[in-house]
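# Results of the structural survey
Each chain, written out:
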Amino acid sequence: MARPDVAAFFDPRTWSVQYVVSDPQTKLCAIIDPVLDFDEKSGATATANADRLLDFVRDQNLEVQWILDTHPHADHFSAASYLKARTGAPTAIGARIVDVQKLWACIYNWPSLRTDGSQWDRLFEQGDSFDIGGIKSGVMFSPGHTLASITYVVGDAAFVHDTVFMPDGGTARADFPGGSARALWSTIQDIVALPGDTRIFVGHDYQPGGREPRWESTVARQKAENIHLTRYGREDEFVAFRNERDSTLPMPKLILHALQININGGQLPEPEANGTRYLKFPLGALDGAAWG
């Protein structure tokens, strides 16, 4: 099986891992889950993370063929739109993004939002295939964390984002609007059914115990060591655990900021008459207040 080169870029502010996955023969690459910097206290945005990816692409003499998101992120802004403007590469996400758009268009009272996924160049369905250079790549529909989550399988590498974390980090929450612990269980079973030596690349690492960031494991390691999968080995056990645990977790601090950017393809709101861009922040939209 083809073995792509994978370079990881950890963002400590959001615990996110961004990837450049490339074909060493053709030097064509894809950027997966890029972060657009946002400081919620000042309202400032920046492109330091995305520019770091572009610097790497330039230094390695790579050409960007795809800009890919695994799902609409709840904890950071996507830099897909910025990177498309810089590289000309097409953007893609899972086809069920249209369901997420419709759900959140209601939450934001945003009737003008296009809810047909046209903000992206391609919407991937379950089983779709595409190429990164000469490396055959495929798409697995991976709901649970969100309605629209997908996994990219690029040669021997699977980019699973918010499904499983590193084995000592367990599994992802499934309580966001449209999420489902039962769907997440089914998704994880599909992932661990891949060949045991498949490299698993996660989208977050929360550094359990304060250790250094990590992002790569294998299917075999996940099956043998993942602290949630080894303890809750039956579907009903896992679903009960996940639902109970998720009910105690606060919402990500940027979820209401980030979703209105990420369901719009990473595009920031247009400037208003005074030249300033504004986010719309619905009060009381979600459960999970700190005092709840």
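Throughout what follows, the structure given in this document is the object of discussion. (Residues numbered from 1 in each chain as written. Predicted model: local features only at pLDDT ≥ 70, side-chain atom pairs only at ≥ 80, totals over all residues. Heavy atoms only, no water.)

### Side note on the overall build of the protein
Counting secondary structure elements, the protein contains seven helices and 15 strands. Taken over C-alpha atoms, the radius of gyration comes to 18 Å for the protein, in line with the 19 Å a tight globule of 292 residues would show. If one aligns the C-alpha atoms of the protein with their principal axes, the spans along those axes are about 55 × 50 × 35 Å. Within the span of the protein, comprising 292 residues, buried residues form 51% of the whole. Across the protein, every contact between residues at least 6 apart in sequence was considered, and the portion connecting residues at least 24 apart equals 67%. Here the protein displays about 13,100 Å² of accessible surface, and carbon together with sulfur accounts for 50% of that area. In the protein, the 27 positive side-chain charges and the 37 negative ones have mean positions that sit 1 Å from each other. (Helix = DSSP H or I, 4+ residues; strand = E, 2+ residues; numbered from the N terminus. Rg over C-alpha atoms; globule rule 2.2 N^0.38 Å. Buried < 20%, exposed > 50% of the residue type's maximum accessible area, 1.4 Å probe, protein only. Contact = heavy atoms within 4.5 Å. Areas by Shrake-Rupley, 256 points an atom, 1.4 Å probe, with all protein chains shown as cover. Lys, Arg positive; Asp, Glu negative; His and termini not counted. Charge placed at Lys NZ, Arg CZ, Asp CG, Glu CD.)

### Examining the pattern of salt bridges
Overall, the coordinates contain 18 salt bridges when judged by the stated rule. With its nearest N and O atoms 3.0 Å apart, the salt bridge here joins Lys84 to Asp121. One end of the pair, Lys84, is in helix α2 (residues 80-87); the other, Asp121, is in the loop between α3 (97-107) and β9 (122-124), with 37 residues separating them in the sequence. With a relative accessible area of 33%, Lys84 lands in the partly exposed category. Linking Asp236 and Arg182 is a salt bridge whose minimum nitrogen-to-oxygen distance equals 3.2 Å. (Salt bridge = Lys/Arg side-chain N within 4 Å of Asp/Glu carboxyl O.)

### Topic: the pairing of strand β1 (residues 5-11)
Where β1 and strand β2 (residues 16-22) come together, seven bridges link them in antiparallel fashion. Paired with Asp11 across the bridge in β2 is Ser16. Counted between consecutive antiparallel strands, the loop separating β1 from β2 contains four residues, among which Trp15 sits at a positive phi close to 60°. (Pairing = 2+ DSSP bridges.)

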